[in-house]
Amino acid sequence: MDRETVERVARTAHIRLTEDEIARYSSDLAEILTYFELLDEAPGNDRRGINPIEVADVLRDDEPRMEMDPDVLLRDMETYERYVRGPRLS
Amino acid sequence: MSMRSTLETLERVNSKYLMFHAKTSDTDPGDARFLFSAKDNLTSKDMETCAGSRILEGYFPPFDATVIARMREAGGKLIGKTNMDEFGFGTFSTNSGLEVPRNPFDLERACGGSSGGSACAAAVFEDHPSLGVSTGGSICCPASFCGVYGIAPTYGRVSRYGLIDYGNSLDKIGVLSSKAGDLRRYINIIAGRDEKDPTSCVQPELKDERTPVRSVAVPKEGVEGLSKNVEAAFTNALDELRRMGIEVETVDMPSLKYAMPAYYVLATSEASTNLARYVGMRYGRQDGDLSLKFDDYFSDVRSRYFGDEAKRRILLGTFTRMVGYSDRYYSKARQVREVVIDDYKRVLRDHDAVLAPTMPFTAPRFDDISKMSALDSYKADYLTVPANLAGVPHLNVPCGYDGDGMPIGMQFVADHWNENALFTMAEDWEKEFDLRRPEVSA
């Protein structure tokens, strides 16, 4: 994979790479993608399931319920006045 | 060894083998009926849960995974969370941000991965079931390297609620133990429908019955590229199976060679979306610089705490899902999965199980692993990946030892939902095979 593609993919994935990492992943991923070319010659199939078994929708009754106390969930979170703390949006 | 003495020596044993990241400090088993351990990607109320990643350091989940809750309800006491490759990304348990478990048969060698700590615990402690998780072979590989029995059931047989996802369409929770009978016993405890995981809700009932294996198919593709000692042990094991009255036939499974690339495309695609949730907020590491803009904050935390292999798989999975590439990779990989499933179904019409060695070599030394490229390491999984891709249940049974005394394993694969054939096979094999336990000292 060329250097520009690695940088573009890393930006999309929110990963910052050092110069060494760009060089290493570029070479590793090129090798792996060459191996993936085997897929081009593999037979196709009409089916393309998301899961290896048939799954069915399972819906519960539409009744409100509280599975977990919000205070328990907040226990280990960095919070400010019961709001989760996060970075600035702009 | 009594439960009390296991607990009393836990600290010392763990400092030698490093099977646990978090562990209990209790020395009194109380009214526990049995002790167990669980891979560290299964959430547990009373123990830190990191999935081998520094980005989750400090995470104490407020709930138990369904499997841990069911083991506790059955009288189990959780004694430790087992070390693993970060998020399950590896074959040797060496891709960890935390501790790397050591093989109980030779401390200079790996336990296999990614459920390496679970296989280590199952080998070292007597009467000890350990819960593992398999995405591409992460139960059978370490079970093979550590000389224990291990089963990954059908995809959907065991609820994944509380599992820290790697690849949602591939992850399966199973059991490792030095006793064959434990596989049946504990899968029966953890299996069954759970409304918190819809994929567990379509399963037929798991009946407690014997289903003897009468014929096995050995795919030609499964006996290529083996080391000499694995080949020899496997040949002897086939003779033993014939002596047990089981028919052995060689078959062609041409789809198997496509399973590897299809698996790695699906696994990394799913992993890269699953790992998007780790941004330094809500749980785990939350020590980023809040004065940064959100893009920079997320990138900073993720770049600092994800390990090398996690970054590689995130990059790979993000790439293969990108516009312009997803038809060639992700969509094709889903078709190939169906082709592999069809191939297993075809062979399993005439046979009760498909059989091959579990790993092409015995547990490697840590210094040899460090010389392997990422692709070399991926390719080591070629025997365990196809069954995982297809979601069919598979079992490792120890079948021999090499000249250095390192365990060798073979893997039986049965049809969807037919775990009983594998339980029965393990129980029958155990009567014929002289299992060696490692010499444990602490």
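See the structure shown above.
Anyway, here's the lowdown on the structure attached to this text. (Residues numbered from 1 in each chain as written. Chains lettered and ligands numbered in written order. Predicted model: local features only at pLDDT ≥ 70, side-chain atom pairs only at ≥ 80, totals over all residues.)

Here's the deal with helix α2 (residues 19–36) of chain A
Residue and element names in this part refer to chain A. Our working rule: By the criteria applied, helices consist of DSSP H or I runs no shorter than four residues and strands consist of E runs no shorter than two, each listed in order from the N terminus. Any helix carries an expected span of 1.5 Å times its number of residues minus one. Comment: burial labels come from other C-beta atoms within 10 Å of the residue's own C-beta, placed from the backbone, where a count of 20 or more is buried, 12 or fewer is exposed, and between is partly exposed. In this context, the arc is that of the directions from the helix axis out to the C-beta atoms.
Under the 1.5 Å per step criterion, the end-to-end length of α2 is 26 Å for 18 residues, consistent within 8% with the ideal 26 Å. Those residues of α2 that fall on the buried side of the exposure criterion are Y25, L29, I32 and F36. Taken down its axis, α2 places every buried residue within 60 degrees of arc, on the same side. α2 presents E19, D20 and T34 as exposed residues on the side facing more than 90 degrees away from its buried surface.

What about the environment of P153 of chain B?
All names here are of chain B. Keep this limit in mind: Remark: residues whose backbone-derived C-beta atoms lie within 7 Å of one another are considered to be in contact.
Summarising the element assignment, P153 is placed in the loop between β7 (149–152) and β8 (172–177). A tally of 31 C-beta atoms within 10 Å means that P153 is categorised as buried. Along the primary structure P153 and N388 are separated by 235 residues, whereas in three dimensions their C-alpha atoms are 9.7 Å apart. Excluding residues that lie within four positions of it along the chain, P153 makes contacts with V158, K172, G174, I187, A191, P393 and E419.

Points about the nonpolar core
Using the following cut-off: Joining buried Ala, Val, Leu, Ile, Met, Phe, Trp, Tyr and Cys residues through C-beta atoms within 7 Å gives a set, and that set is a nonpolar core.
With 152 residues, the main nonpolar core has A119, L315, A353 and A426 of chain B as its most contacted residues. If one sorts the elements of this core by residue count, helix α8 (residues 256–274) of chain B sits on top with 11 residues. Look past the residues within four positions of L315 of chain B in its chain and what remains in contact with it is V6, V9, A10, A13, I15, Y25 and L29 of chain A.

With respect to the pairing of strand β10 (residues 247–251) of chain B
All names here are of chain B. What counts is decided by this rule: Strands pair, by our definition, only if DSSP identifies at least two bridges between them. Seen with the strands pointing away from the viewer, any crossover whose path from the first strand over the helix to the second strand runs clockwise is right-handed.
Both strand β9 (residues 215–219) and β10 contribute to a ladder of five bridges, which runs parallel. If you follow V216 over to β10, its bridge partner there is V248. Between the parallel elements β9 and β10, the chain passes through helix α7 (residues 228–243) in a crossover that is right-handed.

What about the environment of T12 of chain A?
Residues and elements named next belong to chain A. Structurally, T12 can be placed in helix α1 (residues 3–12). Note on T12: 15 C-beta atoms within 10 Å, which makes it partly exposed. For the pair formed by T12 and N51, sequence separation is 39 residues and the distance between their alpha carbons is 26 Å.

Some details on the interface of chain A and chain B
Definition in use: Under the scheme applied, nonpolar residues are Ala, Val, Leu, Ile, Met, Phe, Trp, Tyr, Cys and Pro; charged residues are Asp, Glu, Lys and Arg; polar residues are all the others, including Gly.
Contacts between chain A and chain B engage 47 residues on the former and 53 residues on the latter. Listing elements by their share of the side of chain A that touches chain B, those giving two or more residues are α1, α2 and α3 (70–74) of chain A. For the side of chain A that touches chain B, the element with the most residues is α2 of chain A, which contributes seven residues. Looking at side-chain class alone, the side of chain A that touches chain B contains 27 nonpolar, seven polar and 13 charged residues.

Examining unusual backbone geometry
Across the chain, the bulk of peptide bonds are trans and the bulk of non-glycine residues have phi less than zero. Residue S114 of chain B is reached from G113 of chain B by a cis peptide bond, and omega for that bond is 5 degrees. Located in the positive-phi region is H14 of chain A, a residue other than glycine, with phi close to 55 degrees. With respect to the helices and strands, the residue H14 of chain A is situated in the loop between α1 and α2. The backbone of S93 of chain B shows a phi angle near 60 degrees, a positive value even though the residue is not glycine. In this fold, S93 of chain B is placed in the loop between β3 (76–82) and β4 (102–103).

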